[in-house]
Amino acid sequence: MKKAFSTETQTNRNRVYRLVYQRGNISKPEIASYLGISLPTVIKNVKSLQQEGLLQEGVVLESTGGRKATAVTFIKNAKFAIGTDIEQNHISIALINLATEIIESIRIEKTYENTSAYYLEVVRLIKQLVGISGVREDAILGAGFSIPGILTRDGQMLVYSHVLQVSALQCSTISRGLHYSTILSNDANAAGIAETWQRKSQENAVYLSLSDYVGGAIFLNDQLYLGENQRGGEFGHMTLVRDGLPCYCGRKGCIDAYCSAQVLSKHTGGDLGAFFRGLKAGDKSLQTVWEQYLSYLTTAINNLVVPFDCTVILGGYLGEYLEPYIDEIRRSVAGVTTFLGNEDYITPCTYTKEASAVGAALLYIRPFIKQL
Ligand SMILES: [Zn+2]
């Protein structure tokens, strides 16, 4: 049963938990010293968190003086969350624990359709995944859904999605039959959440999602910036070439028309992996396509590093393949940017797959840890 805590106690309790979470394991005297609070306060809070099954004691550390100390460790499998990424042609589901480890995941090819049969299948897959994992239902904090589109501020309705050709879709319609708390997130925002959560030390970052559609997310002071209408970070529709190529949004010259993964994969039958294998093998025509793509991507990235002056994470489907080309991309941006040194901010993503599903699950893990 939840106990009532005073604000100060709750703050210390949260600080203790978050410190143990960050360190993995740490002794009680070290916690007291690091947080500048008394040892009895640490002992009291650790005890309360132990009683709730969130922390444990017992791992022995070798201290510098040769003495052994009992460490407090955080129980990563105390709670779990589910993330489901619904895209035009696939569904990905990930069950993660408090350490953001993927316990179970599944990815299936399935074309999106706005029908109850489709949503029933999504829910069936989620239940199947939880069943396989053996995780207790009451240990699941909630189920987040990542979806390409613009959402209401409360994350309970998809206002519209160009990609899925659907509007006014309630979260409850998708999740009917699930007995967890549920919420929606834009897919690029979810992927950005997964990436920035992984890089704990960075408070400001911009995530550029280079999938079949281009999206993005802005993080300021460790918070997702959504703008006034939940459209913040929709980098795909920034104008790259005035009166340029048509974009699926109906306008011309958007970044999406030049930098989506489809711009590359259409040359290899829709297979992005095949494009990069061919490029690596020295295919001349693919090299030409890549150079042209890179020149547009360079402008797009420069248009993000100049105003934001922070880390720019390159993700989406392309993120998986960019590591060998990151120096080339940085050099290319250095060749056009006003402020030299900015190009050091450019980095490939950490998650090669499932970033959006993990990010959707983090919609429950992050607040749990931050507000515990
Ligand atoms: Zn557009």
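Quick caveat, the model's predicted, so the values are computed rather than measured.

**What to know about helix H4 (residues 116-133)**
Two residues of an α-helix separated by three or four positions point the same way, owing to the 3.6 residues in each turn. Between its terminal C-alpha atoms H4 stretches 26 Å, which fits the 26 Å expected from 18 residues at 1.5 Å a residue. Every buried residue of H4 is accounted for by Tyr118, Tyr119, Val122, Val123, Leu125, Ile126, Leu129, Val130 and Ser133. The buried residues of H4 occupy one face: seen down the axis, they fall within an arc of 155 degrees. Across H4 from its buried face, at more than 90 degrees, point the exposed residues Ser116, Leu120, Gly131 and Ile132. Taken from the residues just after H4, Gly134 is the one with a positive phi, measuring 80 degrees.

**A short note on unusual backbone geometry**
Excluding glycine, residues mostly have negative phi values, and the peptide bonds linking residues are mostly trans. A positive phi angle, close to 60 degrees, is found at Gln230, a residue other than glycine. If you trace the backbone, Gln230 turns up in the loop between strand E14 (223-225) and helix H7 (255-259).

**What about the pairing of strand E15 (residues 311-315)?**
Taking burial as the measure, the five residues of E15 include five buried ones, the bulk of the element. Residues of E15 alternate between two faces, with Thr311, Ile313 and Gly315 on one and Val312 and Leu314 on the opposite face, all of them buried. Looking at chain direction, strand E12 (residues 205-210) and E15 are connected through five bridges and run parallel. Along E15, the bridge assignment pairs Ser209 with Gly315. Pairing of E15 with strand E16 (residues 346-348) involves three bridges; the strand directions are parallel. Across the sheet, Val312 pairs through a bridge with Ile346, a residue of E16.

**Structural notes on the domain arrangement of the protein**
By domain assignment, the protein separates into domain 1 (7-74), domain 2 (80-192 + 355-371) and domain 3 (201-348). Placing the centre of domain 1 and that of domain 2 at their C-alpha centroids yields a distance of 33 Å. The element contributing the most residues to the side of domain 1 that touches domain 2 is helix H1 (residues 7-23), with four residues. The residue inventory of the side of domain 1 that touches domain 2, partitioned by class, reads four nonpolar, one polar and one charged.

**Thoughts on the coordination of the zinc ion**
Around the zinc ion, the protein contributes the donor atoms His237 (ND1), Cys247 (SG), Cys249 (SG) and Cys254 (SG), which lie 2.1 to 2.4 Å from the metal centre. For the zinc ion, all donor residues lie on one chain, and their spacing in sequence is H-x9-C-x1-C-x4-C. A single burial state applies to Cys247 and to Cys254, both of which are buried.

**Details of the pattern of salt bridges**
Per the counting criterion, the structure on display carries 11 salt bridges. The shortest N-O distance in the salt bridge between Asp138 and Arg136 comes to 2.9 Å. Of the two residues examined, Asp138 and Arg136, each falls in the exposed class.

**Quick word on the layout of surface pockets**
Approximately 1,100 Å³ is the volume attributed to the largest pocket. Lining the largest pocket are 50 residues, and of these Glu87, Ser211, Asp212, Tyr213 and Tyr317 lie nearest its centre. Put simply, the parts of the chain that give the lining of the largest pocket at least two residues each are strand E5 (90-97), strand E6 (102-109), strand E9 (157-161), helix H6 (187-198), E12, strand E13 (214-220), helix H8 (261-265) and helix H12 (355-371). Per-element accounting of the lining of the largest pocket gives the leading share, four residues, to H6. For the lining of the largest pocket, the class distribution of residues is 19 nonpolar, 18 polar and 13 charged. Taken as a whole, the second largest pocket spans an internal volume of roughly 500 Å³. What lines the second largest pocket is a set of 22 residues, among which Ile183, Ile193, Leu224, Leu226 and Leu363 lie closest to the centre. Of all the secondary structure elements, the ones that give two or more residues to the lining of the second largest pocket are strand E11 (182-186), H6, E14 and H12. A per-element tally of the lining of the second largest pocket places H12 first, with six residues.

**Points about the environment of Ile82**
Among the structural elements, Ile82 can be located in strand E4 (residues 80-86). Along the primary structure Ile82 and Leu141 are separated by 59 residues, whereas in three dimensions their C-alpha atoms are 8.1 Å apart. Among all residues touching Ile82, those that are not within four sequence positions of it are Ile93, Ala94, Leu95, Ile126, Val130, Ile140, Gly142, Ala143, Gly144, Tyr180, Ala360 and Ala361.

**A few points about the packing of H6 against H12**
Here H6 crosses H12 at 60 degrees, and the two axes come no closer than 7 Å. Compared by their axis directions, H6 and H12 come out oblique. Regarding H6 and H12, the two cross each other, and that crossing is left-handed. For the pair H6 and H12, contact is made by Asp187, Ala190, Ala191, Ile193, Ala194 and Trp197 and by Ala355, Ser356, Val358, Gly359, Ala360, Leu362, Leu363, Arg366, Ile369 and Lys370, respectively. Of the residues assigned to the contact of H6 with H12, the class counts are 11 nonpolar, two polar and three charged.

What counts and what doesn't
- Residues numbered from 1 in each chain as written.
- Predicted model: local features only at pLDDT ≥ 70, side-chain atom pairs only at ≥ 80, totals over all residues.
- Heavy atoms only, no water.
- Helix = DSSP H or I, 4+ residues; strand = E, 2+ residues; numbered from the N terminus.
- Expected span 1.5 Å × (residues − 1).
- Buried < 20%, exposed > 50% of the residue type's maximum accessible area, 1.4 Å probe, protein only.
- Arc of directions from axis to C-beta.
- Pairing = 2+ DSSP bridges.
- Domains from an automatic or database assignment.
- Nonpolar A, V, L, I, M, F, W, Y, C, P; charged D, E, K, R; others polar.
- Donors = N, O, S within 2.8 Å, 3.2 Å for Na, K, Ca; no water.
- Salt bridge = Lys/Arg side-chain N within 4 Å of Asp/Glu carboxyl O.
- 1 Å grid on protein atoms, 1.4 Å probe; cavity = no way out; pocket = protein on both sides within 12 Å on 5 of 7 lines; lining within 4 Å.
- Points joined across faces, edges and corners; volume = space filled by probe spheres on them.
- Contact = heavy atoms within 4.5 Å.
- Axes fitted to C-alpha atoms, helices over the stretch in contact; angles between N-to-C directions.
- Parallel < 35°, antiparallel > 145°, perpendicular 65-115°, else oblique.
- Left-handed = near helix turned anticlockwise from the far one by under 90°.

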